[in-house]
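Close look at the chain arrangement
The residues making up each chain are set out below.
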Amino acid sequence: MSDPAFEYAPIGLVELENRIIRRCNMQFARMFGGEEADYRNMPLLHLYPSVADWERIGARGLEAMRETGYYTDERVMRRRNGDLFWCRARGRSLTPDDPFRHGIWSFSDISEERPIVELTQREREVAILSCRGLSAKEIGAELGLSYRTIEAHRARLLEKFGARKLSELVAKLSGMPL
């Protein structure tokens, strides 16, 4: 059965069951590369940069969806050809008692606003937590590292993004105009 609103939406849409794509629309397939049929019954894991990213984002999303039935974030995803890009993801569970059992998610390519810079997993974690407003000490506590180590990661991030101070880095990471 065809649903034109789903199929022709100007944003990538997927129907997920236990984080497995059951169907997607044309815009989703275009964004990630390939045809809609290429994604049927594909684990969403294949579109993440790493298993660690899939697990970390999944845990955070599950916690939020248990509370609200809804989750949104901006993350790096992987196209079928292996290229990484920034993506805005929003999801709503259709089964609030078991949030990942069945849901509808939207994905938007925001890579024009936020270019990809090669980051280590740790730099990515520090960048995300910095954008949430955590101090170096708070990030260190969350990641089990000293605040000096966090400051070293932030210094590398400043250099990689060509930022002079933390507020400029956060603006660049969040895609805000400078």
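If you're wondering where the values come from, they're calculated on a predicted model, not measured in any experiment. (Residues numbered from 1 in each chain as written. Predicted model: local features only at pLDDT ≥ 70, side-chain atom pairs only at ≥ 80, totals over all residues. Heavy atoms only, no water.)

Let us look at the layout of surface pockets. To find leftover empty space, one rolls a probe the size of a water molecule over the atoms. Looking at the largest pocket, its volume works out to about 280 Å³. For the largest pocket, the lining is made up of 17 residues, of which E74, W86, R114, I128 and C131 are closest to its centre. Broken down by class, the residue content of the lining of the largest pocket amounts to eight nonpolar, one polar and eight charged. Looking at which domains feed residues into the lining of the largest pocket, each of domain 1 (4–109) and domain 2 (121–173) gives three or more. (1 Å grid on protein atoms, 1.4 Å probe; cavity = no way out; pocket = protein on both sides within 12 Å on 5 of 7 lines; lining within 4 Å. Points joined across faces, edges and corners; volume = space filled by probe spheres on them. Nonpolar A, V, L, I, M, F, W, Y, C, P; charged D, E, K, R; others polar. Domains from an automatic or database assignment.)

Among all positions in helix α5 (residues 136–143), only A136, I139 and G140 are buried. In an axial view of α5, the angular spread of the buried residues amounts to 100°, which keeps them on one side of the axis. The exposed residues of α5 that point more than 90 degrees off its buried face are K137, A141 and E142. On its buried face, α5 is in contact with α4 (121–131) and α6 (147–161). Remark: G144 follows α5 within two positions and exhibits a positive phi of approximately 75°. (Buried < 20%, exposed > 50% of the residue type's maximum accessible area, 1.4 Å probe, protein only. Helix = DSSP H or I, 4+ residues; strand = E, 2+ residues; numbered from the N terminus. Arc of directions from axis to C-beta. Contact = heavy atoms within 4.5 Å.)

Attention now goes to the domain arrangement of the chain. With domains assigned, the chain is organised as domain 1 (4–109) and domain 2 (121–173). Each of domain 1 and domain 2 has a C-alpha centre, and these two points are 26 Å apart. If you look at the interface, domain 1 gives four residues, while domain 2 gives five residues. In total, domain 1 and domain 2 occlude about 500 Å² of area from one another, counting both sides; carbon and sulfur atoms represent 46% of this. Connecting domain 1 to domain 2 are one salt bridge. A salt bridge links R124 to D53; the shortest N-O distance between them is 3.0 Å. On inspection of domain 1 and its partner domain 2, the count reaches two residue pairs in polar contact (both at pLDDT 80 or more). (Buried area = accessible area lost by both parts, 1.4 Å probe. Salt bridge = Lys/Arg side-chain N within 4 Å of Asp/Glu carboxyl O. Polar contact = N/O pair within 3.5 Å; in protein donor to acceptor, adjacent residues only side chain to side chain.)

Right, let's get into the sheet that holds strand β3 (residues 42–43). Ordered by their spatial adjacency, six strands build an open sheet running β3-β2-β1-β6-β5-β4, and the pairing between neighbours is antiparallel. In the strand order of this sheet, the two ends are held by β3 and β4 (70–78), each with one partner. In this sheet, strand β6 (residues 103–109) lies alongside strand β5 (residues 84–93) in antiparallel orientation, the contact comprising seven bridges. If you follow A89 over to β6, its bridge partner there is F107. Running at roughly 165° to β4, helix α3 (residues 51–68) makes contact with β4, β5 and β6 of the sheet. (Pairing = 2+ DSSP bridges. Axes fitted to C-alpha atoms, helices over the stretch in contact; angles between N-to-C directions.)

A separate point is the pairing of β4. Each regular strand shows side chains that alternate between the opposite faces of the sheet. Summarising the sheet, β4 and β5 pair through nine bridges and their orientation is antiparallel. Pairing of T72 across the sheet is with R90, part of β5. Here β4 folds back onto β5, and the loop between the two strands holds five residues, one of which, G82, carries a positive phi near 95°.

Once that is clear, we can look at the environment of G61. Within the secondary structure, G61 sits in helix α3. Note on G61: relative accessible area 3%, which makes it buried. Sequence separation between G61 and E35 is 26 residues, and the spatial gap between their C-alpha atoms is 27 Å. Among residues more than four places away in sequence, those in contact with G61 are Y71 and F100.

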